[in-house]
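# Breakdown of the fold
Spelled out, the chains give:
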Amino acid sequence: MSNKAKKTVIAHRGASGYLPEHSIAAKAMAYAMNVNYLEQDIVLSKDNVPIVIHDIHLETVTDVATRFPDRKRDDEMYYVIDFTFDELKQLNVVERFNPETKKAVYPNRFPLNKSTFKLHSLQEEIELIQGLNTSTGKNIGIYPEIKEPEFHQNEGKDISNIVLEILNNYGYKLKTDNCILQCFDPKELKRIRQKLKSDLFLIQLIEFEDDEKRMQEFSEYADGIGPWYKQIIKGKDNNGNWVFSNLVINAHKNNLTVHAYTFRADQLGEFKSFEELLQVGLYQANIDGVFTDFPDKVVDFISKN
Ligand code: CA
């Protein structure tokens, strides 16, 4: 893929830089920003409904601790899987916060405890996106992530099977169907391809240094990888030039697409601006697509390059 090939913009948990992550409002806003895909993290409820939420527990993005105070486990956490869909619908979703300090993780984002947001199912979100595709004439895709399959298995649930059946029912079956399925667990993603016989476009999420050496193995079942961008951009050398790992080159050699996470305008690290981070990531490192909390800024940046 050349440097000028079209880059892919994935709304990370929706337009989560502006509205509480994974709320329907954040998804509608991201949709209107003309991204390529909206992301859904998936965790099962007690009654096997796939819920769109980032963590397997609830207390960092909802009011569960005040609404159901006696439902925490011994580790002080409230698990999605211990609640029915009807119970989860009673919770209010808020901007991500630290349950101990009660402070927002990103203090300049949507204010805590303002307005009303709710959890929703994967089906509800697919119907939102497919409905908007009908009413706008656009064709924006979905990008579900199977969260912690081993945890689900230990709780007696096969999350991948349940999610694949729903995707199938909504018309997402093939690599060309505008759906990308992602998972951090290589065993599970391999199982999705080989045992569950999925023909969807699959992204192997990665987070470890050693993963750079596993590209050929990943290419046997996946279509791409999803690394943390710091696995690619390693910092600056003594002359002030950015230094890169061989991850993107090795991935491309194995025909793997690279969608890196997470590009945030309010978490720049050693970059002087969000534009610099995007320039270095997309055009110097040649990443094919980015997960971002600020989809409008990335769409705008790409349109000018
Ligand atoms: Ca995710």
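One can find the structure itself at the top, above this paragraph.
Now for a quick tour of the structure. This is a predicted model, so every value here is computed, not measured.

### What about the overall build of the chain?
When helices and strands are tallied, the chain shows eleven helices and eleven strands. With respect to the three principal axes, the spread of C-alpha positions in the chain is 55 × 45 × 45 Å. Per-residue burial for the chain yields a buried fraction of 53% across its 305 residues. Sequence-distant contacts in the chain: of pairs separated by 6 or more residues, those separated by 24 or more amount to 67%. When the accessible surface of the chain is summed, it comes to about 13900 Å², and 47% of that surface belongs to carbon and sulfur atoms. The centroid of the 38 positive side-chain charges in the chain is displaced by 3 Å from the centroid of its 46 negative side-chain charges.

### Description of the side chain of Arg109
Among the secondary structure elements, Arg109 is positioned in the loop between helix 3 (85-89) and helix 4 (122-136). Of note is the side chain of Arg109, whose polar atom sits 2.8 Å from the side chain of Asp266. Residues contacting Arg109, with those up to four places away along its chain left out, are Ser16, Gly17, Glu95, Arg264, Asp266, Asp293 and Phe294.

### Observations regarding the coordination of the calcium ion
The calcium ion binds to the protein through Glu39 (OE), Asp41 (OD) and Glu145 (OE), with metal-donor distances spanning 2.2 to 2.3 Å. Donor residues binding the calcium ion come from one chain and are separated in sequence as E-x1-D-x103-E. Placement of the pair is Asp41 in strand 2 (residues 37-44) and Glu145 in strand 4 (residues 141-146), with a sequence separation of 104 residues. Per residue, the accessibility class of Asp41 equals that of Glu145, and both read buried.

### Remarks on the side chain of Asp55
As for its position among the elements, Asp55 is in the loop between strand 3 (50-52) and helix 2 (64-67). Reaching out from Asp55, the side chain makes a polar contact with the side chain of Thr60 at a distance of 3.3 Å. Once residues within four sequence positions are removed from consideration, Asp55 is found in contact with Val43, Thr60, Val80 and Arg96.

### Things to note about the packing of aromatic side chains
In total, this model carries twelve aromatic pairs according to the counting rule given. Between the aromatic rings of Tyr143 and Phe291, the centroid separation amounts to 5.1 Å while the plane-to-plane angle is 65 degrees, which identifies the pairing as edge-to-face. Of the two residues, Tyr143 is situated in strand 4 and Phe291 in strand 11 (residues 289-292); the sequence distance between them amounts to 148 residues. The two residues Tyr143 and Phe291 agree in class, both being buried.

Conventions we followed
Residues numbered from 1 in each chain as written. Predicted model: local features only at pLDDT ≥ 70, side-chain atom pairs only at ≥ 80, totals over all residues. Heavy atoms only, no water. Helix = DSSP H or I, 4+ residues; strand = E, 2+ residues; numbered from the N terminus. Buried < 20%, exposed > 50% of the residue type's maximum accessible area, 1.4 Å probe, protein only. Contact = heavy atoms within 4.5 Å. Areas by Shrake-Rupley, 256 points an atom, 1.4 Å probe, with all protein chains shown as cover. Lys, Arg positive; Asp, Glu negative; His and termini not counted. Charge placed at Lys NZ, Arg CZ, Asp CG, Glu CD. Polar contact = N/O pair within 3.5 Å; in protein donor to acceptor, adjacent residues only side chain to side chain. Donors = N, O, S within 2.8 Å, 3.2 Å for Na, K, Ca; no water. Phe/Tyr/Trp six-rings, centres within 6.5 Å; stacked < 30°, edge-to-face > 60°.

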